[in-house]
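# Observations on the model geometry
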Amino acid sequence: MNTPLPAASADSWSLARPGARRSLILCALGAVLGLAVAGLGLFSARGTRTSGVPAEDIAVVNQVPILLSDYVLQLRTLYDVSLSQATPGQKRAALDSMIREELYVQRGIELGMQSDTVEVRAALVGAVEEQTAADATMAQPGDEDLRHYYDRHRGDFASEGKMTLADYVLPAGSSPAAVGTARAALQSGGAPTGARRTGAMADGEEFYFAARIHLGDRLFAAAQVLNAGQVSPPVVMPDGIHLLVMQTNVQPLPAPYGDVRDKVLAAYVTAQTAILAAANERFLRKRADIQIAKGY
Amino acid sequence: MPQRAAGLWVGATLIMVAAMIGALVMVGNARSVRDRIVRRDPDLILADTSLAPTAIAIGREGYVKHCSSCHGQGKGDRSRGIPDLTDGAFLYGTGQVGEIEQIVLHGIRAHDSRGWQLASMPAYAHPRPYAAEPIPPMSPGQIRDVVQLLLRKHGAETDPAAADRGARLYAGSGGCYDCHGQDGAGDNAIGAPSLVGDAWLYGGSPETLTRTLAYGRAGVSPAFDRFLTPLEARAIAVYVAALSQHPPGFRP
């Protein structure tokens, strides 16, 4: 059974005096403080953005923030000035341009530009693809992963082969004996009778890709297998019979891992991007409701 | 005795309330400093003694978490093309906090349209050395000539005639001048390194230069804008700037 409060307590209440009202007031005080703390967290937390412009933003347009860092970049791009160097006019103009852009983007979405405008659709597709690639770039593989990738794709990181050769041509229809004589002369280091040197490969050492372009595929194939000092068998071409004299031939060599680490990383990221993109597309298709008309 | 208990009650309550108010003030103050860090002109934070220590402390934490796996303690690694962040030589921009922040957020060749990706080093031992522009390839001899030119710029040429030929290539069909400038001073607006300074991203030996010319370079720095808060990105940029500017009292 509760004891009634003394009559005086109603008139001269004291926090120091035990009583139900004191407990209630302390509870209320605690509740108010709790609510204040919760409110501070709730209304100023990143993501809620309901209490004015958050510190990291320069403006909020229909609840969409414009980041201060983007604004700083805009000032740098438009006027080549920092935030503190910018004049009030420059600041205003930069902000106006960013707000205008945001309004137009929002209006574009309202109008369904993403459905109707080819350029917007292409930009969105490209942006999503780039996002996938960016995620792959973020992966920051360790050296072990990269070495493993390098070991599995060593041929992709080979140096470009180089060769220096002389290309001689005898007239079409030359007799086998004449060709044999010319070849023997070249093998002994002499000048071939009845053959002229072509302009192909006359500039000295060439990378394999350039040699292939200058010689053509057939002659390049014949040249590629020659060692220094060797003369090719006769190669019959529409313009005559060719004899190739190899002077230097440096075959492509797998580059040491340390020399091509940056290339390995780039290739690894490209491969990861392809894997991520494929997984992304599978996911999108899986969750999508796609109905295809009969006959298609 | 009841009065004493009541006094204790009141005292404890007041202490509790005061502690809570104090905590709120401290939280508010800390938030205020953090808000000011993201609100302030990034290029002025290091000079602001009321903000720099907090920014550097937050930045150090973020750097260790997100950057140190590649950049280590900031000294770089030429074998991997990782720049020295302490030497004051900047490939992109001039080392201002705002510029570094953009790299932290949007990266270099990180597939972020707001990042740095204007140019890369062509691979001259390739049929099409540069995807973005039609530049003719070079022969092995031409690459040797350009290497001699680069060595000349550092007083280390061994074949003056080759260096002369290299100079003609540099200013002509090689197209080197287009990014590195006629004087070889580079262009930090596109990330083209100076060819006359002592700072080499990958090294300045003839072998390394030959490899660079033959097979190109295109270093990457990831874009962290989806993984960092604006405060973290800003603070990391402040910390990285401090690595080269060495403000008073700064310890890496």
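This section reports on the structure supplied with the text. (Residues numbered from 1 in each chain as written. Chains lettered and ligands numbered in written order. Predicted model: local features only at pLDDT ≥ 70, side-chain atom pairs only at ≥ 80, totals over all residues. Heavy atoms only, no water.)

## What to know about the packing of helix 3 (residues 68–79) of chain A against helix 3 (residues 97–106) of chain B
Going by this rule: Axis geometry follows a simple rule: fit a line to the C-alpha atoms, using only the stretch in contact for helices, then measure angles between N-to-C directions, giving values from 0 to 180 degrees. By the criteria applied, helices consist of DSSP H or I runs no shorter than four residues and strands consist of E runs no shorter than two, each listed in order from the N terminus. Should an angle lie under 35 degrees it is considered roughly parallel, over 145 roughly antiparallel, and from 65 to 115 roughly perpendicular; all remaining angles are considered oblique. For any pair of crossing helices, the crossing counts as left-handed if the nearer helix is rotated counterclockwise from the farther one by less than a right angle, and right-handed if it is rotated clockwise. Residue contacts are defined here by distance: any two heavy atoms, one from each residue, within 4.5 Å place the two residues in contact.
Between helix 3 of chain A and helix 3 of chain B, the least distance of the axes is 11 Å, while the angle of their chain directions is 125°. One way to sum up the angle between helix 3 of chain A and helix 3 of chain B is to call them oblique. Regarding helix 3 of chain A and helix 3 of chain B, the two cross each other, and that crossing is left-handed. Across the interface between the two elements, Ser 69, Asp 70 and Leu 73 of chain A from helix 3 of chain A touch Glu 101, Gln 102, Leu 105 and His 106 of chain B from helix 3 of chain B.

## With respect to the interface of chain B and chain A
Our working definition: When two components associate, each loses some accessible surface as probed by a 1.4 Å sphere; the sum of these losses over both components is called the buried area. Every case where a carboxyl oxygen of Asp or Glu lies within 4 Å of a side-chain nitrogen of Lys or Arg is listed as a salt bridge. Polar here means any residue other than Ala, Val, Leu, Ile, Met, Phe, Trp, Tyr, Cys and Pro, which are nonpolar, and Asp, Glu, Lys and Arg, which are charged; Gly is therefore polar.
With 50 residues of chain B in contact, the opposing surface of chain A contributes 45 residues. Taken over both partners, the interface formed by chain B and chain A buries close to 4100 Å², and the fraction arising from carbon and sulfur atoms is 61%. Connecting chain B to chain A are six salt bridges. Arg 76 of chain A is the salt-bridge partner of Asp 43 of chain B, the closest N and O atoms lying 3.2 Å from each other. Every element with two or more residues in the side of chain B that touches chain A is listed here: helix 1 (2–39), helix 2 (52–71), helix 3, helix 4 (140–152) and helix 7 (206–215) of chain B. Top element by residues in the side of chain B that touches chain A is helix 1 of chain B. It accounts for eleven residues. Partitioning the side of chain B that touches chain A into residue classes produces 27 nonpolar, ten polar and 13 charged.

## Let's talk about the side chain of Asp 262 of chain A
The condition that has to hold: The classification of residues rests on relative accessible area computed with a 1.4 Å probe and restricted to protein chains. Under 20% of the type maximum is buried, over 50% is exposed, and intermediate values are partly exposed.
Counting through the fold element by element, Asp 262 of chain A comes out in helix 11 (residues 261–287). Classification of Asp 262 of chain A as buried rests on a relative accessible area of 16%. Beyond its immediate stretch of four places on either side in the chain, Asp 262 of chain A contacts Tyr 202, Arg 211, Gly 216 and Arg 217 of chain B.

## Details of the nonpolar core
Rules: The set of buried Ala, Val, Leu, Ile, Met, Phe, Trp, Tyr and Cys residues whose side-chain atoms join them within 4.5 Å is what this entry labels a nonpolar core.
Counting 32 residues, the largest nonpolar core has Ile 37, Ile 56, Tyr 63 and Val 238 of chain B as its most contacted members. Residue assignment for this core shows that the elements contributing at least two residues are helix 1, helix 2, helix 3 and helix 8 (230–245) of chain B. Among the elements that line this core, the one with the most residues is helix 8 of chain B, at eleven residues. Sequence-distant contacts of Ile 37 of chain B, defined by excluding residues within four places in its chain, comprise Ile 45, Leu 51, Thr 54, Ala 55, Leu 231 and Arg 234 of chain B. Of all hydrophobic cores here, the second largest spans 25 residues; its members include Phe 207 and Phe 209 of chain A together with Tyr 130 and Ala 192 of chain B.

## Observations concerning the packing of aromatic side chains
Applied cut-off: The pairing test for Phe, Tyr and Trp rings, Trp by its six-membered ring, is centres within 6.5 Å, and the orientation test on the planes gives stacked under 30 degrees, edge-to-face over 60, and tilted for anything in between. The criterion for a charge sitting over a ring is simple: Lys NZ or Arg CZ within 6 Å of the ring centre, and within 35 degrees of the ring normal.
Enumeration according to the criterion identifies eight aromatic pairs over all chains in this entry. With 5.5 Å between their ring centres and 65° between their planes, Tyr 150 of chain A and Tyr 257 of chain A make a pair best called edge-to-face. Of this pair, Tyr 150 of chain A sits in helix 7 (residues 143–152) while Tyr 257 of chain A sits in the loop between strand 7 (240–250) and helix 11, placing them 107 residues apart in sequence. Comparing Tyr 150 of chain A with Tyr 257 of chain A shows no difference in burial state: the two are buried. Ring geometry for Phe 207 of chain A and Phe 209 of chain A: centres 6.0 Å apart, planes at 10°, overall stacked. Chaining the aromatic ring pairs together yields one cluster made of Tyr 150, Phe 157 and Tyr 257 of chain A. For the cation-ring pair, Lys 153 of chain B lies above Tyr 170 of chain B, with the distance from its terminal atom to the ring centre recorded as 5.4 Å. Here Arg 217 of chain B stacks its cationic end above the ring of Tyr 202 of chain B, 3.9 Å away from the centre of that ring.

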